[in-house]
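Single-letter residue listing:
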Amino acid sequence: MWTPSPGRRVVSAPATLLLRLLLLAGAADAAPPLVGVSPHDEPYFTTQVIACRDGSGSFPKSRLNDGYCDCADGTDEPGTSACPEGKFYCRNNGDTPRLLFSSFVNDKICDCCDGSDEYESGILCQNTCQNRKDIAEDDDGVHELSVTRLDATNEFTRKHTIDVENLVHNSINKDLIQKLRGLRTALVIELGLVVGMFAFCIARRRTRTRKRQHILKR
């Protein structure tokens with residue numbers, strides 16, 4: 001019969017199972033939060049098969065934030081820009097949480113004050129959250145009034161609108177400059193042709209006049 005050595009501790013099977021469960025629980029607690037999902041909505045994404053909120057279908061959990069739009073309302077892509085109707089949740093710890101249009105995610109412009117919307121764009125966003133005292137610590141951004149939804153007058157929409165307008169304006173200016181340069185070149189060419197034709201006509205007339213004078217002198 002085998003007996004353990006005095007310096008070696010034997011862990012029973014129940015103890016091993018309990019240890020594994022504790023490790024799994026600790027790993028779950030240490031796991032990073034879902035990208036683009038509010039703490040209030042996180043339980044919705046815990047099942048292996050998740051239903052689209054608009055009732056259009058469902059998708060496996062492995063397709064969550066995979067860059068492909070499975071739900072028309074963007075339920076499966078809260079953290080990417082794959083779905084036009086998707087919304088990205090900025091936690092903005094210490095400041096006011098916000099919802100962004102999915103088109104703002106990873107567009108190389110820092111919209112969330114915590115910079116969480118640019119997690120794969122390759123740029124580094126500084127955390128500019130103000131750590132406001134009027135936001136309760138236990139709220140954790142789940143209160144409905146703590147979320148600012150974007151509209152046409154929101155500062156983020158205005159910033160992106162200004163960026164687009166500047167891009168269009170610069171493009172129009174470049175096109176206009178190119179057209180003016182092309183027009184100037186065409187005018188110079190036409191003017192040169194007119195001057196050349198005029199000089200040719202004058203030279204031809206002088207040649208005829210000299211020939212006539214030469215004939216008359218005979």
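Per an unreviewed UniProt entry, the protein is named Glucosidase II beta subunit N-terminal domain-containing protein, and its organism is Urochloa decumbens.

A.B. asks: Honestly, the UniProt feature "transmembrane region" (unreviewed entry) in the protein in this entry has me stumped. Any pointers?
C.D. replies: If you check UniProt for "transmembrane region" (unreviewed entry), the listed places come out as residues 183–203 in our numbering. Secondary structure across residues 183–203 divides into 100% helix and 0% strand, with the first and last C-alpha atoms of the span separated by 30 Å.

A.B. asks: What's the story with the confidence of the model for the protein in this structure? I'm lost.
C.D. replies: Note: predicted coordinates in regions of low pLDDT should not be interpreted at a detailed level. Of the residues in the protein, 64% have a pLDDT of 70 or more, and the chain-wide mean is 75. In this model residues 7–11 is a low-confidence stretch, pLDDT under 50, and it forms three contacts with partners more than four residues away in sequence or in other chains. Every residue in residues 136–154 is under pLDDT 50, and counting partners more than four places away or in other chains gives 33 contacts.

A.B. asks: For this particular structure, what's the right way to read the environment of Asp 76?
C.D. replies: Checked against the element boundaries, Asp 76 lands in the loop between β2 (58–60) and β3 (87–90). With relative accessibility at 0%, the residue Asp 76 sits in the buried group. Separated by 13 residues in sequence, Asp 76 and Arg 63 have C-alpha atoms that sit 7.1 Å apart.

A.B. asks: Just to check I follow, could you spell out the nonpolar core for this structure?
C.D. replies: The nonpolar side chains of a soluble globular protein tend to be buried with one another. Residues Val 37, Phe 45, Ile 50, Cys 52, Phe 59, Leu 64 and Cys 71 constitute the largest nonpolar core, which totals seven residues. Once you skip the residues sitting within four places of it in the chain, Ile 50 turns out to touch Tyr 44, Phe 45, Ser 58, Phe 59 and Lys 61. Judged by nonpolar contacts, the second largest core, of six residues, contains Cys 90, Leu 100, Val 105 and Cys 112.

A.B. asks: So what exactly am I meant to see when it comes to the state of the cysteines here?
C.D. replies: Each disulfide consists of one covalent bond between the sulfur atoms belonging to two cysteines. Taken as a whole, this structure holds five disulfides when the rule is applied. Put simply, Cys 52 and Cys 71 are joined by a disulfide, and their sulfur atoms are 1.9 Å apart. Given an S-S torsion of about -70°, the disulfide between Cys 52 and Cys 71 has left-handed geometry. Placement of the pair is Cys 52 in the loop between β1 (49–51) and β2 and Cys 71 in the loop between β2 and β3, with a sequence separation of 19 residues.

A.B. asks: Can you help me understand the packing of aromatic side chains in this one?
C.D. replies: Here the distance between the centres and the angle between the planes together describe a pair of aromatic rings. In total, this model carries two aromatic pairs according to the counting rule given. Seen from their ring centres, Tyr 44 and Phe 45 are 5.5 Å apart, and the 80° between their planes marks the pair as edge-to-face. On the basis of relative accessibility, which here comes to 4%, the residue Phe 45 falls in the buried class. Judged by centre distance (6.0 Å) and plane angle (85°), the rings of Phe 101 and Phe 104 are edge-to-face. Under the relative-accessibility criterion, Phe 101 is labelled partly exposed at 27%. One residue, Arg 53, lies across the ring of Tyr 44, its end atom 4.1 Å from the ring centre.

A.B. asks: I would appreciate a short explanation of the environment of Ser 56 in the present structure.
C.D. replies: Secondary-structure assignment places Ser 56 in the loop between β1 and β2. The sequence separation of Ser 56 and Asp 70 amounts to 14 residues, and the corresponding C-alpha distance is 9.3 Å.

A.B. asks: Explain the pattern of salt bridges to me, please; I cannot follow it from the model alone.
C.D. replies: Two side chains carrying opposite charge are able to pair once their charged atoms lie near each other. Within the structure shown, the criterion is met by three salt bridges. Arg 53 is the partner of Asp 41 in a salt bridge, and the nearest nitrogen-oxygen pair spans 3.7 Å. Of this pair, Asp 41 sits in the loop between α1 (13–30) and β1 while Arg 53 sits in the loop between β1 and β2, placing them twelve residues apart in sequence. For Asp 41, a relative accessible area of 27% puts it in the partly exposed group. As a salt-bridge pair, Glu 42 and Arg 91 come within 2.4 Å of each other at their nearest N and O atoms. With Glu 42 in the loop between α1 and β1 and Arg 91 in the loop between β3 and β4 (98–101), this pair connects stretches of sequence that are 49 residues apart.

A.B. asks: For this particular structure, what's the right way to read a positive patch on the surface?
C.D. replies: On the surface, Arg 204, Arg 205, Arg 208, Lys 211 and Arg 212 cluster together into a positively charged patch. Positionally, Arg 205 belongs in helix α2 (residues 155–217).

A.B. asks: What should I look at first to understand unusual backbone geometry in this one?
C.D. replies: The residue Asn 65 is not glycine, and still its phi comes out positive at about 55°. Non-glycine residue Asn 106 carries a positive phi angle of around 55°. Mapped onto the elements, Asn 106 comes out in the loop between β4 and β5 (148–149).

Rules behind the numbers
Counting restarts for each chain, with residues numbered from 1 along the sequence as it is written. With pLDDT at 70 or above as the cut-off, local features in this predicted model cover only qualifying residues; side-chain atom pairs require 80 or more to be listed or tallied, and sums for whole chains, interfaces and linings still use all residues. The side-chain values count all of the structure's non-hydrogen atoms but skip hydrogen atoms and water molecules. UniProt positions are given in the numbering used here, feature names are shortened, and annotations may be inferred rather than shown by experiment. Only DSSP runs of H or I with at least four residues qualify as helices, and only runs of E with at least two residues qualify as strands; both kinds are numbered from the N terminus onward. Values of pLDDT, which run from 0 to 100, indicate the predictor's confidence residue by residue. In what follows, residue pairs with any heavy atoms lying within 4.5 Å of each other are defined as contacts. When accessible area is computed with a 1.4 Å probe and restricted to protein chains, residues below 20% of their type maximum are described as buried, those above 50% as exposed, and intermediate ones as partly exposed. Nonpolar core, defined: a set of buried Ala, Val, Leu, Ile, Met, Phe, Trp, Tyr and Cys residues in which side-chain atoms within 4.5 Å join the residues together. Cysteine sulfur pairs qualify as disulfides if the two atoms are within 2.5 Å. Pairing of aromatic rings covers Phe, Tyr and Trp, the last through its six-membered ring, and needs centres within 6.5 Å; plane angles under 30 degrees mean stacked, over 60 mean edge-to-face, and all others mean tilted. Only lysine NZ and arginine CZ atoms are considered, and such an atom sits over a ring when it is within 6 Å of the ring centre and within 35 degrees of the ring normal. Put simply, a salt bridge is a Lys or Arg side-chain nitrogen that is within 4 Å of an Asp or Glu carboxyl oxygen. Residues forming no salt bridge and having over 30% relative accessible area are the ones grouped into patches, like charges within 9 Å of each other and nonpolar side chains (Val, Leu, Ile, Met, Phe, Trp, Tyr) within 5 Å. The protein chains shown are the only cover counted for residues, whose accessible areas, like all others here, come from Shrake-Rupley with a 1.4 Å probe. Note on charges: Lys and Arg go in the positive column, Asp and Glu in the negative column, and His and the chain ends are not counted at all. Positions of charges follow a simple convention, taking NZ of Lys, CZ of Arg, CG of Asp or CD of Glu.

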